Amino acid sequence: MKNALSGTLALLTGIVSFSSLADSGSSVDQYQLNLRQGVTEISGQVYDLHMLMFIICVVIAVLVFGVMFYSMVFHRKSRGAKPANFHESVKVEILWTVIPFIILIVMAFPAAKTLIAMEDTSAPDVTVLVTGSQWKWHYKYMENDVEYFSTLATQQEQIRNKFDKGENYLLEVDRPLVIPTGKKVRFLVTSDDVIHSWWVPDFAVKKDANPGFINEAWTKVDVPGIYRGQCAELCGKDHGFMPIVVVAKEPAEYTQWISEQESIQLAAKAEEQRLLALNMSMDELMSSGEQVYLRACAACHMPNGQGLPGVFPALAGSEMALNDMQGHIDVVVNGKTGTAMQAFAKQLTMSEIAAVVTYERNAWGNNTGEMVQAKDINAFMKGQ
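Below is a short write-up of the structure. If you're wondering where the values come from, they're calculated on a predicted model, not measured in any experiment.

1. Here we look at helix α3 (residues 90-119)
Then comes step 1: Relative to the 44 Å expected for 30 residues at 1.5 Å per residue, α3 spans 42 Å between its end C-alpha atoms, a close match to the ideal helical length.
Then comes step 2: At Ala108, α3 shows its largest kink, close to 25°, and the proline Pro110 lies no more than four residues downstream.
Then comes step 3: Residues of α3 that are buried: Met107, Ala111, Thr114 and Met118.
Then comes step 4: Where α3 is buried, its residues contact α2 (41-74) and β11 (215-219).

Here is the structure:
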């Protein structure tokens, strides 16, 4: 219902809505004024509800303004019209009370039906835990051993206007959420830090991700395709770089994909165990650490390690990077409460954490000469 009211407001005020969030195969104008119909039964109900409300508003507007302009033209003083002389009319007061009441009742029944359907998350075929964090999404398939982060894939050169903007500029990710068609998919939506909002217009799903709470939503997509959305809650400086991409696959393809992902994650765990027994050289740690740093840390602490004064602390020459190895590992693994520094224990492997800590302690002139190995991170995490 919230989506329907938002769509009506956009139409009446002439706000142009962004309509290139989906690649479902249907031709859509770059800009559209009306609420989009979407690809699910619920989104269709929301659209129908929106149109019903809009038609009622238009009829009311035509009647009210029609009577007003008729009165202004045919009952004006220049035509000799004499104003009625009365203070109150019980009949009129009853009419303008009863008529709006009837209109509200007419509107309430379909609205309540749609709202109840939107909130019915019972009997799902697939359940996905969606966790928002600054500034990425984490997806965990509750029935399978599959989980991963989904981050913006648009090149920084496009954002900085060095390259031409791509077709799906700021609406592309490295790992999309994959769901089966024809199945009821329940989303459990929460957050690791601040309030986010998981929004996919074609599904008529927009659910806030609140830290410490779990909100529920669901969808059932019948048409295979790629559907795009965004975080719809102002969540920090990179709020505009937190897209959502959902790929709907046929059930057989989805089952095959799940099987492949489980195999990949099982192999990754085995590789992690192998790396725990190895000692990487300084060159290997620095090379790997630089890649991890540029991918996960440079947006806040800057590529040169100088940070943003008053916002994000510098790592170059910092007391922690030079003298406090355990504190350094702790803040990367567990984050820092009350700040934008998030925990990377679930986002990076132990070998990646070891590499990036080593890099930060030896880059930009820090030159401590200290190395951190994956087994050190493993020991730290077990000792917490």
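2. Focus on unusual backbone geometry
Then comes step 1: The linkage connecting Gln134 with the following residue, Trp135, adopts the cis geometry, with an omega of 0°.
Then comes step 2: Within the secondary structure, Trp135 is located in the loop between β4 (126-133) and β5 (136-141).
Then comes step 3: Positive phi outside glycine occurs at Ala204, with the angle close to 55°.
Then comes step 4: A residue is classified by how much of its surface remains accessible, and Ala204, at 8% relative accessible area, is buried.
Then comes step 5: Located in the positive-phi region is Trp364, a residue other than glycine, with phi close to 55°.
Then comes step 6: Following the sequence through the fold, Trp364 ends up in the loop between α10 (350-362) and α11 (374-382).
Then comes step 7: By relative accessible area, Trp364 is classed as partly exposed at 25%.

3. Some words on helix α9 (residues 325-334)
Then comes step 1: Within α9 the residues assigned to the buried category are His328, Ile329, Val331, Val332 and Val333.
Then comes step 2: Buried positions along α9 lie against α8 (319-323), α10 and α11.
Then comes step 3: Its side-chain oxygen at 2.9 Å from the backbone nitrogen of Gly327, Asp324 defines the N-terminal cap of α9.

4. A look at the packing of α10 against α11
Then comes step 1: Direction vectors running N to C along α10 and α11 enclose 110°, while the axes themselves pass 8 Å from each other. If you check the angle between α10 and α11, you find them roughly perpendicular. Here α10 contributes Met350, Ser351, Ile353 and Ala354 to the contact with α11, which in turn contributes Ala374, Ile377, Asn378 and Met381.
Then comes step 2: Looking at the contact of α10 with α11, its residues break down into 6 nonpolar, 2 polar and no charged.

5. Some points on the nonpolar core
Then comes step 1: One finds Val128, Tyr139, Tyr141, Leu177, Trp198 and Phe203 to be the most contacted residues of the largest nonpolar core, which totals 36 residues.
Then comes step 2: A per-element tally of this core places strand β13 (residues 243-249) first, with 4 residues.
Then comes step 3: Those residues in contact with Tyr141 that lie beyond four places of it in its chain are Val126, Thr127, Val128, Val146, Tyr148, Leu177, Val178, Tyr254, Trp257 and Ile258.
Then comes step 4: Core analysis: the next-biggest nonpolar cluster, separate from the first, contains 24 residues, Tyr293, Cys297, Val333 and Leu348 among them.

6. A word on the sheet that holds β4
Two modes of strand pairing occur in sheets, parallel and antiparallel, and in both the strands are linked by backbone hydrogen bonds.
Then comes step 1: On the basis of which strands lie adjacent, the open sheet formed by 5 strands has the order β6-β5-β4-β8-β11 and mixed pairing. Edge positions in the open sheet fall to β6 (146-150) and β11, since each of these has one partner strand only. Ignoring strand direction, the axes of neighbouring strands in this sheet form an average angle of 20°.
Then comes step 2: Here β5 runs beside β6; their pairing, made up of 5 bridges, is antiparallel.

How each quantity is defined
- Residues numbered from 1 in each chain as written.
- Predicted model: local features only at pLDDT ≥ 70, side-chain atom pairs only at ≥ 80, totals over all residues.
- Heavy atoms only, no water.
- Helix = DSSP H or I, 4+ residues; strand = E, 2+ residues; numbered from the N terminus.
- Expected span 1.5 Å × (residues − 1).
- Bend = angle between axes of the 7 residues up to and from the residue.
- Buried < 20%, exposed > 50% of the residue type's maximum accessible area, 1.4 Å probe, protein only.
- Contact = heavy atoms within 4.5 Å.
- Polar contact = N/O pair within 3.5 Å; in protein donor to acceptor, adjacent residues only side chain to side chain.
- Axes fitted to C-alpha atoms, helices over the stretch in contact; angles between N-to-C directions.
- Parallel < 35°, antiparallel > 145°, perpendicular 65-115°, else oblique.
- Nonpolar A, V, L, I, M, F, W, Y, C, P; charged D, E, K, R; others polar.
- Core = buried A, V, L, I, M, F, W, Y, C linked by side-chain atoms within 4.5 Å.
- Pairing = 2+ DSSP bridges.

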